[in-house]
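Architecture at a glance
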Amino acid sequence: MDLVQLQRQLVEYRTSLYHEGFLDEQFTQLQELQDENNPDFVVEVVSLFFEDSERLLNELTKALEQQSIDFKRVDAHVHQLKGSSSSIGAQRVQKVCIAFRNYCEEQNVEGCLKCLQQVRHEYSLVKTKLESMFQLEQQILSAGGSIPM
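Below you will find a few notes about this structure. (Residues numbered from 1 in each chain as written. Predicted model: local features only at pLDDT ≥ 70, side-chain atom pairs only at ≥ 80, totals over all residues. Heavy atoms only, no water.)

On to the layout of surface pockets, then. Space inside the largest pocket adds up to approximately 360 Å³. Along the walls of the largest pocket sit 17 residues, with Gln 34, Pro 39, Glu 137, Leu 141 and Ile 147 positioned nearest its centre. Breaking the lining of the largest pocket down by element, the ones donating at least two residues are helix H2 (25–32), helix H3 (41–65) and helix H6 (109–142). Among the elements that make up the lining of the largest pocket, the one with the highest residue count is H6 (5 residues). Of the residues assigned to the lining of the largest pocket, the class counts are 9 nonpolar, 3 polar and 5 charged. (1 Å grid on protein atoms, 1.4 Å probe; cavity = no way out; pocket = protein on both sides within 12 Å on 5 of 7 lines; lining within 4 Å. Points joined across faces, edges and corners; volume = space filled by probe spheres on them. Helix = DSSP H or I, 4+ residues; strand = E, 2+ residues; numbered from the N terminus. Nonpolar A, V, L, I, M, F, W, Y, C, P; charged D, E, K, R; others polar.)

Okay, structure coming up:
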């Protein structure tokens, strides 16, 4: 595949992530902060999001497996996940977190467990999609091209 095709593919792929609700304008703002002085800024920030999310999802799983669930603690983890997903523009993860927090407030165990599954699913999807986008960007750069905005 030639460089122009790769660049077009990247633009179309990125556009689809917005149209499908995986990303919002916050991701665009994140990209605007990247420049030649810090060319890996977005990948670094998103990698931190991945690490943080994995940790929080594990904490949530442990907290919801307890005999006596500490809903304040669960809510604090969900609040963190909502904030970090919002900061990178992972819109679908953020939306599930909003519902999750409502179930925490109601102390609804089944609702929380259902939301944990949903948030894991949405997180997994956005992670895969962003990794694919970053791979495509890497292919373009390796071929000597520039990343179209």
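Picking up after the structure, the text goes on.
We now examine the packing of helix H5 (residues 91–106) against H6. At a minimum axis distance of 9 Å, the contact between H5 and H6 shows a crossing angle of 170°. Considered as vectors, H5 and H6 are oriented roughly antiparallel to each other. From H5, Arg 92, Val 93, Val 96, Cys 97, Ala 99, Phe 100, Tyr 103 and Cys 104 reach across to H6, where they touch Gly 111, Cys 112, Lys 114, Cys 115, Leu 116, Gln 118, Val 119, Glu 122, Tyr 123, Leu 125 and Val 126. Its residues placed into classes, the contact of H5 with H6 shows 14 nonpolar, 2 polar and 3 charged. (Axes fitted to C-alpha atoms, helices over the stretch in contact; angles between N-to-C directions. Parallel < 35°, antiparallel > 145°, perpendicular 65-115°, else oblique. Contact = heavy atoms within 4.5 Å.)

Turning our eyes to something else, we now look at the packing of aromatic side chains. Counted according to the given criterion, the structure contains 3 aromatic pairs. Ring geometry for Phe 49 and Tyr 123: centres 6.0 Å apart, planes at 65°, overall edge-to-face. On the criterion of sequence distance, the pair formed by Phe 49 in helix H3 and Tyr 123 in helix H6 is long-range, its members being 74 residues apart. With a relative accessible area of 3%, Phe 49 lands in the buried category. With centroids separated by 6.2 Å and ring planes inclined at 80°, the aromatic side chains of Phe 50 and Tyr 123 adopt a geometry described as edge-to-face. In this pair, Phe 50 sits in helix H3 while Tyr 123 sits in helix H6, placing the two residues 73 residues apart along the sequence. Phe 50 sits in the buried class, given a relative accessible area of 9%. Residue classification places Tyr 123 among the buried positions, given a relative accessible area of 6%. Among the aromatic residues, those joined into a ring-pair cluster are Phe 49, Phe 50 and Tyr 123. When the ring centre of Phe 22 is taken as origin, the NZ or CZ atom of Arg 92, which lies over that ring, is 3.8 Å away. It is Lys 127 that lies over the ring of Phe 50; its NZ or CZ is 5.5 Å from the centre. (Phe/Tyr/Trp six-rings, centres within 6.5 Å; stacked < 30°, edge-to-face > 60°. Buried < 20%, exposed > 50% of the residue type's maximum accessible area, 1.4 Å probe, protein only. Lys NZ or Arg CZ within 6 Å of the ring centre and 35° of its normal.)

Function-wise, these values are silent; they only describe arrangement.
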